[in-house]
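# A structural walkthrough
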Amino acid sequence: MRDSRWHARLVLGLMLAPAVLWLGALIVLPHIDLGVLSLRERVGPRQYVASLAQYRTFFAEPLYWHVFVRTAVMSVLATFFTLLLAFPIAWIIAKLAQGRAGSLLFIICLIPFWVSETVRTLGWMILLRESGVLPALMVKLGLTAMPVELLYRDATILVGLVYTSLLFMVVPLVSSLESLDNSLIEAAYDLGAGGFTILRSIVIPHAAPGITAGCIVVFMLTLGNYLTPTLLGGKNSQWFTEQIYTQFITRFNWEQGAAFGFLLLGLSTALVILGLRISGQRFGDVMRAT
Amino acid sequence: MVKRFADHTAVDALSFSVARGSFFSILGPSGCGKTTLLRMIAGFIAPDSGDIAIGGSSMRGVAPNRRPVNMVFQQLALFPMMSVGENVAFGLARRGIARAERVKRSNAMLERVGLGGAAHKRVDELSGGQRQRVAIARSLVLEPTLLLLDEPLGALDLKLREHMKIELKQLQAAFGTTFVYITHDQSEALVLSDHVGVMSRGRFEQLGTPQDLYYRPQTPFVAGFVGANNRIEGRATAVAGVLAEVTSADGWVVHALKSGTIAVGDAVEAFVRPEVAILARSAAELPAAQPRHAGEVQSVLFDGANSAVLLQEAQTRREFRIALPQTGQFSDLKPLEKVAFSFDPSRAVCFAARTDA
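This structure is a prediction, so every number in the text was calculated from the model and none was measured. (Residues numbered from 1 in each chain as written. Chains lettered and ligands numbered in written order. Predicted model: local features only at pLDDT ≥ 70, side-chain atom pairs only at ≥ 80, totals over all residues.)

Within chain B one finds 8 helices and 20 strands. Expressed as lengths along the three principal axes of its C-alpha atoms, the size of chain B is roughly 75 × 50 × 25 Å. The buried share of chain B, taken over its 357 residues, is 41%. For chain B, long-range pairs separated by at least 24 residues make up 65% of all intrachain contacts whose partners lie at least 6 apart in sequence. (Helix = DSSP H or I, 4+ residues; strand = E, 2+ residues; numbered from the N terminus. Buried ≥ 20, exposed ≤ 12 C-beta atoms within 10 Å, placed from the backbone. Contact = placed C-beta atoms within 7 Å.)

Here is the structure:
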């Protein structure tokens, strides 16, 4: 009896081992190291003292927290626009498309992900740069006299972020909308509700865990994105991940970079908790929806 | 109130009217088009041609949320994201009724269906029968001209279904709302309704009171579908007045009342209800005026008051079901026992055989 229980534990342990090693070696250990790094200050060559100087620098230098807030706001905006765009797509896939049409639409959403993110973003650059396709088209249509530079604008960054994140919003939305019983919609309609009321009082409450799950995933991906803002926004992008990159690679100031990393982690955690509070969702329900 | 339909693939050239305040059932096997018909009345599907009029005004082009019709769905479709009270008040809110009035009316309605004080409960805290009543309350609180019910008892277990059947009838009588009820369960239709339409392949086979359908079926489909019946197909070998002599292909001769015109030589189907036939241990005990038949007990189907015996007719080994009388006279009946039986030919019925069956 005891023997078999011990045996079961061993099997469970072995099965969990890769995941535990993965989490420990790649997530926990580096974070402990980064945490220690962020809490010290270099006072001389190879001389360090514990201090909060890195965090103080962040608040003292307007550029840093300006970029920080800007990244947060842009990420929230990108998440919002992704939701706005993904919802009708998910609705069509889950409710309107019959049989194979639904899977086909899903595959269409998936296909762009066969190409690497770098190549996809470069595709946007080909379309939007001053000598690119879209500005030329606008001149031809007489909308602008001269080709306009469409890159390096906030709107361009948002477009790129929404495009990159769309699938991660569509997937949880489709699964939560598919589980919505059509007769609930019909019943609401039958009881006198119009389209907007049905959306507000039936569809959105039902899909709330899926919506929240999609928003969390998209928000985290966007906040931590480096490639899209850098390529589409250039010098103007002012994304916080770029600051971290600069501190680590260009300035070789690992202490400052580590502090920035922790600030970003804190920001995403705080905003996710805030989002859950506002939408009244429980984390467990949301995770089940993903 | 008149409804007319024509030429729908699922609902074919069908026309009927339901009197205000009555309980009308549409009875038919699954796939006969009854749900399609109901959804057309509710407005979820538009008829290809024809019209539906409710309370004298045409419903053509009127959306479901604007019709004076409410529906109780098969799976009830209560809103799980709302409390019981909010469910009932949902329709009132859509009409722009003030909150206090909504609460008052929905509580009053819950009271009437025996769920007073349940307004704050969540839907999943209720039992099957209570949910049923919430679904009905949610529709009735809007005081519809017509309430549609789509097999609302289908999901309940047998005991509760029997109970809800009675409750539904009482609710309908109390509210006086016109109910249109669809079901494939003939006992629900017979017990509940003032009038029943038996539907098959998108058409009404017969419209009438439950008694009409049971005692005076007009088509072989109705005779076979409503209540239990023994079916004997064969040819009419003699016609005498209102009666016909039916000889089955394997040579069993029975007599039954003609329904419609039947000539000698026609292919016919005869139906004999299990409770019409009289069972006896010996032929001498049977009424002298009735043609006698012999059989052998195949099995005894004990079901309390609905007990029956399954016989094999002696000559053709054809199955024949007879309801057992409640006198206990046949309680010791055993399989393989030889028995005699007879039935009054004027209480059996025969039809010209369906050409498409």
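Before going further, it helps to examine the domain arrangement of chain B. In many reports, interface size means the accessible area that the parts give up when they come together. All names here are of chain B. What the domain assignment reports for chain B is domain 1 (2-221) and domain 2 (228-352). Just the C-alpha atoms count here: the centres of domain 1 and domain 2 sit 39 Å apart. Contact residues are listed per partner, giving 4 residues for domain 1 and 4 residues for domain 2. (Domains from an automatic or database assignment.)

So, on to the sheet that holds strand β7 (residues 146-150) of chain B. All names here are of chain B. Judged by pairing direction, the sheet is mixed, and its 6 strands sit side by side in the order β6-β7-β8-β3-β9-β10 without closing on themselves. With one partner strand each, in any of the chains shown, β6 (69-72) and β10 (203-208) form the two edges of the open sheet. Between one strand and the next, the sheet's axes are offset by a mean angle of 20°, whatever the strand orientation. Pairing geometry for strand β3 (residues 23-27) and strand β8 (residues 178-183), over 5 bridges, is parallel. Bridging across to β8, S25 finds its partner in Y181. Where helix α4 (residues 128-140) meets the sheet, it contacts β6 and β7, and its direction lies at approximately 175° from that of β6. (Pairing = 2+ DSSP bridges. Axes fitted to C-alpha atoms, helices over the stretch in contact; angles between N-to-C directions.)

On to the interface of chain B and chain A, then. Listed by partner, the interface residues are 17 residues for chain B and 15 residues for chain A. Secondary structure elements with two or more residues in the side of chain B that touches chain A: β6 and α2 (84-94) of chain B. For the side of chain B that touches chain A, the element with the highest residue contribution is α2 of chain B, accounting for 3 residues. Taken together, the residues of the side of chain B that touches chain A break down into 10 nonpolar, 4 polar and 3 charged. (Nonpolar A, V, L, I, M, F, W, Y, C, P; charged D, E, K, R; others polar.)

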